Amino acid sequence: MTASTMIELESWIIYQCVLNECHVSSSSTEGGAWCARDISLRAQKKFLSRVGGNSSARALVLDEHAAKLLDQFLIVLRERVEKREAEKLVKHVIKSAVKLGVLRRHSQLSAADDRALEAFRSKFHTVLMAVVSFCEVEFSYDRGFLQDALRDSHQSLKSVVERHLSDKSVSRLAGVFALASRGELLDSLFSGQVDEDVLKLSRMLRKELDRGLL
């Protein structure tokens, strides 16, 4: 069994355990709603229990703040794309975070990988700042700028995923960024009057950015 296969298998086991727990608990949520926060926090708990709370690993697993942002993003997406497609995107984000954490646990990330991940964080920070700006400043929306920033973010993360994970993981990552970069989706979010759910997401992002957590 290759190292890549072992990483994928361990990540799958963690994620399936989490899904099973969430399936049991979902009946207690309103309408049995699918909750990114529940799934990601359980994934973090299971993963960190395996690595002993290592701080570098913790940085690569979604925390409560990121999970709440994902849930709000899911609310926004569900209004614009098919529900299953929206939930699939968020699940793939969580899976990717778990897999990167597993890679860190097994000391599979090289210095080049660390540089690529830092580049991804920097470029994705640009994406988040742009989203906030488009909501706060009238007529500032620039679809091309946001698509370019998303493309650059994808390329930085893709370089790590290609080296360590399966072609399926690479394809899923591409799907996440392809959906997030759709021109019609971006226009519906930021062109013209911005709706309240998008503004709420923007306010949440602003708060985390101001706190230096994103």
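Small disclaimer: the values here were computed from a predicted structure and weren't measured.

Caption draft 1: The confidence of the model for the protein chain, seen in detail. Per-residue confidence for the protein chain gives a mean pLDDT of 77, with 69% of residues at or over 70. The lowest-confidence element of the protein chain is helix α3 (residues 55-58), averaging 42 in pLDDT; the highest-confidence one is helix α9 (residues 183-190), averaging 95. Scored below 50 in pLDDT, residues 12-32 shows 26 contacts in the model against residues more than four places distant or in partner chains. Note on residues 50-61: pLDDT is under 50 here. Beyond four places in sequence and across chains, it has 21 contacts.

Caption draft 2: Expanded view of unusual backbone geometry. Phi at Phe139 takes a positive value of approximately 60°, unusual for a residue other than glycine. Its place among the elements puts Phe139 in the loop between α6 (111-136) and α7 (143-164). On the basis of relative accessible area, Phe139 is assigned to the exposed category, the value being 82%.

Caption draft 3: Summary view of the packing of helix α5 (residues 83-105) against helix α8 (residues 167-180). Where α5 meets α8, the axes come as close as 10 Å, and the angle between the chain directions of the two elements is 130°. Looking at the two axes, α5 sits oblique to α8. Helix-helix and strand crossings are classified by hand; for α5 and α8 the assignment is left-handed. Of α8, the residues touching α5 (which contributes Glu85, Leu89, His92, Val93, Lys95 and Lys99) are Ser169, Arg172, Val176 and Leu179. Tallied by class, residues from the contact of α5 with α8 come to 4 nonpolar, 2 polar and 4 charged.

Caption draft 4: Inspection of the packing of aromatic side chains at higher detail. Summed over all chains, the structure comprises 4 aromatic pairs. Note on Phe134 and Tyr141: the rings are 5.4 Å apart at their centroids and 85° apart in plane angle, and the pair reads as edge-to-face. Judged by centre distance (5.6 Å) and plane angle (65°), the ring pair of Phe134 and Phe190 falls under edge-to-face. With Phe134 in helix α6 and Phe190 in helix α9, the pair connects residues that are 56 residues apart, well separated along the chain. By the burial criterion, Phe134 is buried, and Phe190 matches it. Taken together through their ring pairs, the aromatic side chains of Phe134, Tyr141 and Phe190 make up a single cluster.

Caption draft 5: Up close: the packing of α6 against α7. Where α6 meets α7, the axes come as close as 9 Å, and the angle between the chain directions of the two elements is 155°. Taken as axis vectors, α6 and α7 run roughly antiparallel relative to one another. Between α6 and α7 the crossing geometry is left-handed. Looking at the contact of α6 with α7 residue by residue, the class counts come to 16 nonpolar, 5 polar and 4 charged.

Caption draft 6: Structural view of the environment of Leu77. Note on placement: Leu77 falls in helix α4 (residues 64-78). For the pair formed by Leu77 and Ala180, sequence separation is 103 residues and the distance between their alpha carbons is 9.5 Å. Other than its neighbours up to four places away in sequence, Leu77 contacts Ala86, Leu89 and Leu185.

Caption draft 7: A look at the nonpolar core. Counting 44 residues, the largest nonpolar core has Leu146, Leu157, Phe190, Val198 and Leu205 as its most contacted members. Those elements that provide at least two residues to this core are α4, α5, α6, α7, α8, α9 and α10 (196-210). Ranked by residues supplied to this core, first place goes to α6 with 10 residues. Ignoring anything within four residues of it in the chain, the contact list for Val198 reads Val76, Arg80, Cys135, Leu189 and Phe190.

About the criteria used
Residues numbered from 1 in each chain as written. Predicted model: local features only at pLDDT ≥ 70, side-chain atom pairs only at ≥ 80, totals over all residues. Heavy atoms only, no water. pLDDT = per-residue confidence, 0-100. Helix = DSSP H or I, 4+ residues; strand = E, 2+ residues; numbered from the N terminus. Contact = heavy atoms within 4.5 Å. Buried < 20%, exposed > 50% of the residue type's maximum accessible area, 1.4 Å probe, protein only. Axes fitted to C-alpha atoms, helices over the stretch in contact; angles between N-to-C directions. Parallel < 35°, antiparallel > 145°, perpendicular 65-115°, else oblique. Left-handed = near helix turned anticlockwise from the far one by under 90°. Nonpolar A, V, L, I, M, F, W, Y, C, P; charged D, E, K, R; others polar. Phe/Tyr/Trp six-rings, centres within 6.5 Å; stacked < 30°, edge-to-face > 60°. Core = buried A, V, L, I, M, F, W, Y, C linked by side-chain atoms within 4.5 Å.

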